[in-house]
Amino acid sequence: MSEFVVLGDEAVALGAIHGGVSSCYGYPGTPSTEIMEYLLDYSKEKGGPFASWSSNEKTALEEALGTSFAGKRAIVTMKHVGLNVAADAFMNGALLDIRGGLVIVVADDPGMHSSQNEQDTRYYADFARVPLLEPVNQQQAYDMTREAFDLSEKMGVPILLRLVTRLSHSRAAIQSSPIREENALNKADNKQDWMLLPANARRRWDSLLGRQKDMIAYSENSSVNALVMNEANRERGVITTGLGYNYYMENRGELTDNPSHLHIGVYPVPEEKIRKLAAHVKELVILEEGYPYVERLIAGLLPRDLKITGKMQNIVPLQGELTPDNVRPALGLPVRDSSVVSSMDLPGRPPQLCAGCPHDDTYRVIKEVQAELEESTVTSDIGCYALGALPPLSVPETIICMGASITAAKGSSETGLKNVMAVIGDSTFLHSGMTGLVDCVSSGTDVTIIIVDNETTAMTGGQTTILPSSRLEQVVTGIMGDGEHVITIPAHRKSHEENKVILRKELAYKGVSVIIAVRECIETARKAKKKGS
Ligand code: SF4
């Protein structure tokens, strides 16, 4: 047994390595990125396990399913909105006969530190009818990753592991367990269990439903789902999930009534333990990180006269992260005076593009050409360049989800808007922008797509894009059919006037144009230079 000081994300990566993982796939997305970063570094240094970024979360999950089909263990990592992209593979993957353990790690972002929404991955586990494990600290992140592989092979389903930003990005010491060998190659022997033709899918769905009782029994007996009763106190009980546990424990010393406490970290929820606690008390306080998932799910299990204190009454905050302070009112504790912190006179620091960022030059070209036009529309995608929506640039008008700049621009143009431009990064284009371009080409939509190619996935820390920039023009030309309206320009101030001429010309063209504005992110260029020197 050794001790490691690791981030929550790194604890998952180490748990996977020590748990006998053979293949690791993912798409970068804060706060999950460091899991794959660790696995990639480890793999490079030690020669295994296989680790690679994928084009998007769906391809990553499908690749992991291929590993599992071969009988080996696979892990796939993404942020919460990434599971929306992978949802098709995920929902169908739950019906397959999983032999090699498959763990899907999803890092949620309550508080939207770097995300478009706050969605709670626990709903996806319920949706697909598979177990979910939710660690409260780095040690559990390590242990649960290992356990998730075993559970996946025992139950024959993929297992979700849910992290949240605060755990992913905080550091603590963990104790490791002995390293497990990788599985031997052992391809699934019954093809019918891996081919979701309707007759097979119906049989597999029946099988999955049949295994629900095993999953509930597992949850009911898990030591993680610990119920600690105080027979003397029949007034109030507390249920915690995720990091709600830590915030409860931080406050518990101030409670004089010592409530009975159930912590839930393994799903589906342990119904018997919930019933036992609910039957014992008059009030149930529910502290859960994310949506009021448990609160809504267990409503039918609880006595009618039981008072519930939680998110649905807005006593526990419905949005943002829980904190040790904001759960206090639900526990009947006085609100702490946080005036010491709030009185600090810190200057405001709105997010903005780095000084000298190539996207800045491209947006200035767009902004000046826009000023000459009577009407124009600019849609943006997800990446550093989304910061162009803020002052002083304030260019894009929509930011929706990965890949949606091109498709939203298509819809806008087809409904009658003029001079419609979509701004998308190289990595996002390869993630899910390409299919939007295919739609535009198929319909002959009048749209100008500007791929801002900074030769990296900058927003998540500078990961290598899935194809090098040198291939991008070929890919786009292949989709367009010819290269007449595929123009590569330097995203540089010295080319400002020439770039404006090109943009005016392509906006005047009634059809699909793609302008690829290329210049390396100054941050990755700086890091590369530092490494080389
Ligand atoms: S990290 Fe790179 S791409 Fe992102 S804002 Fe800074 S310079 Fe621009």
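Coordinates for the structure precede this section.
Every chain's residues receive numbers from 1 upward, in the order its sequence appears when written. Per-residue local features of the predicted model are confined to residues with pLDDT of at least 70, and side-chain atom pairs are confined, for both listing and counting, to 80 or more; whole-chain, interface and lining totals are unaffected and use all residues. With hydrogens and water excluded, all non-hydrogen atoms of the structure serve as input to the side-chain values.

### Points about the overall build of the protein chain
Our working rule: Helical segments are the DSSP runs of H or I of at least four residues, strand segments are the runs of E of at least two, and each set is numbered from the N terminus. Between buried and exposed lies partly exposed: a residue is buried under 20% and exposed over 50% of the maximum accessible area for its type, with that area taken using a 1.4 Å probe on protein chains only. Residues count as neighbours in contact if any of their non-hydrogen atoms are within 4.5 Å of one another. For every accessible area listed, the method is Shrake-Rupley and the probe measures 1.4 Å; residues are considered covered only by the protein chains on display. Just so you know, the count uses Lys and Arg for positive and Asp and Glu for negative, and it drops His and the chain ends. Where a charge lies is defined by one atom per residue type, namely NZ (Lys), CZ (Arg), CG (Asp) and CD (Glu).
For the protein chain, the helix and strand inventory stands at 20 helices and 20 strands. Along the first, second and third principal axes, the C-alpha atoms of the protein chain reach 80 × 65 × 55 Å. Each of the 533 residues in the protein chain was classed as buried or not, and the buried ones make up 53%. Expressed as a percentage of contacts within the protein chain between residues at least 6 apart in sequence, the contacts between residues at least 24 apart total 78%. Put simply, the protein chain shows about 23200 Å² of open surface, and 54% of that area lies on carbon and sulfur atoms. A gap of 3 Å separates the mean positions of the 53 positive and 67 negative side-chain charges of the protein chain.

### Quick notes on helix α10 (residues 212-221)
Think of an α-helix as turning once every 3.6 residues; residues three or four places apart then point the same way. Every buried residue of α10 is accounted for by Q212, M215, Y218, S219 and E220. Against the buried residues of α10 lie α7 (138-155), α9 (198-210), β12 (266-267) and α12 (271-280).

### Digging into the pattern of salt bridges
Short version of the rule: Salt bridges are counted wherever a side-chain nitrogen of Lys or Arg sits within 4 Å of a carboxyl oxygen of Asp or Glu.
Scanning the entire structure with this criterion turns up 34 salt bridges. The residue R99 makes a salt bridge to D97 at a minimum N-O spacing of 2.9 Å. Take D97: its relative accessible area is 14%, and that puts it in the buried class. Ionic pairing is found between E368 and K500, a salt bridge with its closest N-O pair at 2.9 Å. Note that E368 is positioned in helix α15 (residues 358-372) and K500 in helix α19 (residues 496-508), a separation of 132 residues in sequence. Judged by its relative accessible area of 33%, E368 is partly exposed. One network of salt bridges, in which partners are shared, links D108, D120, R122, E134, R162 and E288.

### Remarks on the site of the ligand
As a reminder, the rule being used: If a single non-hydrogen atom of a residue is within 4 Å of a molecule or strand, that residue counts as near it. Amino acids outside the nonpolar list (Ala, Val, Leu, Ile, Met, Phe, Trp, Tyr, Cys, Pro) and the charged list (Asp, Glu, Lys, Arg) are all regarded as polar, and Gly is one of them.
Neighbouring residues of the ligand: L353, C354, C357, H359, C384, N454, A458, C521, I522 and E523. Here the shell around the ligand is built from residues that sort into seven nonpolar, two polar and one charged.

### Thoughts on the nonpolar core
This is how the line gets drawn: Here, the term nonpolar core denotes a set of buried Ala, Val, Leu, Ile, Met, Phe, Trp, Tyr and Cys residues that are joined through side-chain atoms within 4.5 Å.
Judged by nonpolar contacts, the single largest core of 96 residues is most densely connected at I75 and I239. Examining the composition of this core, we find that seven residues originate from one element, α7, more than from any other. Setting aside residues no more than four positions away along its own chain, I75 makes contact with V12, A16, V21, S23, C24, Y25, L39, V103, V105, T145 and F149.

### Some thoughts on the sheet that holds strand β3 (residues 50-53)
What counts is decided by this rule: In this scheme, strands are said to pair when DSSP sees at least two bridges between them.
Pairing within the open sheet is mixed, and its seven strands lie in the order β3-β2-β4-β5-β7-β6-β12. Each edge of the sheet is formed by a strand with only one pairing partner; in this case those strands are β3 and β12. Two strands pair when backbone bridges link them, and strand β6 (residues 132-133) and β12 are joined in this way by two bridges, in the antiparallel orientation. Across the sheet, the residue bridging to L133 is V266, located in β12.

### Topic: the sheet that holds strand β16 (residues 398-399)
Let me state the cut-off plainly: All axes are obtained by fitting lines to C-alpha atoms, using only the stretch in contact for helices, and the reported angles, taken between N-to-C directions, cover 0 to 180 degrees.
Overall, parallel pairing links the six strands, which are arranged β16-β15-β17-β18-β20-β19 in an open sheet. Only two strands of the sheet have a single neighbouring strand rather than two, namely β16 and β19 (486-490). Here helix α17 (residues 426-443) sits on the sheet in contact with β17 (420-425), β18 (447-453) and β20 (512-518), set at roughly 150° to β17. Docked against the sheet, helix α18 (residues 472-480) engages β18, β19 and β20, running at close to 180° with respect to β20.

### Some details on the pairing of β17
Counted only if it meets this: By convention a crossover is right-handed if, when the strands point away from the viewer, the path from the first strand over the helix to the second runs clockwise.
Counting buried positions along β17 gives six out of six residues, so the element sits mostly inside the fold. Judged by which residues are buried, β17 turns out to be covered on both faces: V420, A422 and I424 on one side and M421, V423 and G425 on the other are all buried. As judged from the four bridges shared by strand β15 (residues 377-380) and β17, these two strands associate in the parallel manner. Bridge pairing in β17 places V378 opposite M421. Sheet topology places β17 next to β18; five bridges connect them, and they run parallel. Within the sheet, the bridge partner assigned to G425 lies in β18 and is V452. One crossover worth recording links β17 to the parallel β18 by way of α17, and it is right-handed.

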